[in-house]
Amino acid sequence: MRVTISRKAHFNAAHRLYRKDWTFEQNDAVFGKCNNPNFHGHNYELIVSVTGEIDPETGYVMDVKFLTDIIKSEVEEQMDHKNLNLDVPEFENLNPTAENIVVVIWNKIRAKIKSSLDLEVVLYETPRNFVTYKGE
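So, a few notes on the structure that sits alongside this text. (Residues numbered from 1 in each chain as written. Predicted model: local features only at pLDDT ≥ 70, side-chain atom pairs only at ≥ 80, totals over all residues. Heavy atoms only, no water.)

1. Concerning the side chain of E74
Structurally, E74 is set in helix α2 (residues 64-79). The buried category is assigned to E74, whose relative accessible area is 14%. With sequence-adjacent residues up to four places away left out, E74 is seen in contact with K108 and K112. (Helix = DSSP H or I, 4+ residues; strand = E, 2+ residues; numbered from the N terminus. Buried < 20%, exposed > 50% of the residue type's maximum accessible area, 1.4 Å probe, protein only. Contact = heavy atoms within 4.5 Å.)

Listed below in structure tokens is the structure:
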């Protein structure tokens, strides 16, 4: 019997979508206002879901407190109120699109939980725009 537990979290961060190897005009044509050289920000919402067998001793798939602590240390403390382009090492050479951000978050959390558990991360950049990553 496999069950999914989920935890919601949020963080606020600024970013700029652009490629260093493109001209400003190329970046502007592809990324539009998201290419603002002075950056722009989002109030990101995050849903992290873990699926697995219920442990017969604890009744848990995973202790939600443990998941909360992982999200806090791996996402909130590293990304909240940060400029993703400048302050988060993973984005030094990676364009911080919602798609790339969700994969970075998934990889950080994946490294901290048992491989027997399935992981899905949903990242809302706006209330109407979101991405989902379940791993490769």
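2. A look at the nonpolar core
F11, L46, V50, M79, I105, I109 and L123 are the most contacted members of the largest nonpolar core, which totals 32 residues. In terms of residues, this core owes the most to one element, helix α4 (residues 98-110), which gives seven residues. Excluding anything up to four places from it in sequence, I109 contacts V48, I70, I71, V75 and L119. (Core = buried A, V, L, I, M, F, W, Y, C linked by side-chain atoms within 4.5 Å.)

3. Digging into the environment of D87
Inspection of the secondary structure puts D87 in helix α3 (residues 84-87). With a relative accessible area of 43%, D87 lands in the partly exposed category. Residues D87 and A14, 73 residues apart in the sequence, show an inter-C-alpha distance of 9.9 Å.

4. What about the pattern of salt bridges?
Tallied over the full model, the rule gives six salt bridges. For D21, the salt bridge goes to R19, with nearest N and O atoms at 2.7 Å. Take D21: its relative accessible area is 55%, and that puts it in the exposed class. Taking the shortest distance from any N to any O, the salt bridge between K108 and E90 comes out at 2.9 Å. With K108 in helix α4 and E90 in the loop between α3 and α4, the pair connects residues that are 18 residues apart, well separated along the chain. (Salt bridge = Lys/Arg side-chain N within 4 Å of Asp/Glu carboxyl O.)

5. Section: the packing of α2 against α4
Pairs of packed helices are described in terms of their axes, by the angle between the two and the distance that separates them. Direction vectors running N to C along α2 and α4 enclose 140 degrees, while the axes themselves pass 9 Å from each other. Note that α2 runs across α4; the crossing there is right-handed. On α4, the residues touching I70, I71, E74, V75, Q78 and M79 of α2 are V104, I105, K108 and I109. Its residues placed into classes, the contact of α2 with α4 shows seven nonpolar, one polar and two charged. (Axes fitted to C-alpha atoms, helices over the stretch in contact; angles between N-to-C directions. Left-handed = near helix turned anticlockwise from the far one by under 90°. Nonpolar A, V, L, I, M, F, W, Y, C, P; charged D, E, K, R; others polar.)

6. Things to note about the pairing of strand β2 (residues 40-53)
Sheet topology note: the strand β1 (residues 2-15)/β2 ladder contains 14 bridges and is antiparallel. In the sheet register, K8 faces β2, and the bridge partner there is I47. Where β2 lies against strand β4 (residues 118-124), seven bridges are found, and the strand directions are antiparallel. Opposite V48, over in β4, you have V121 as the bridge partner. (Pairing = 2+ DSSP bridges.)

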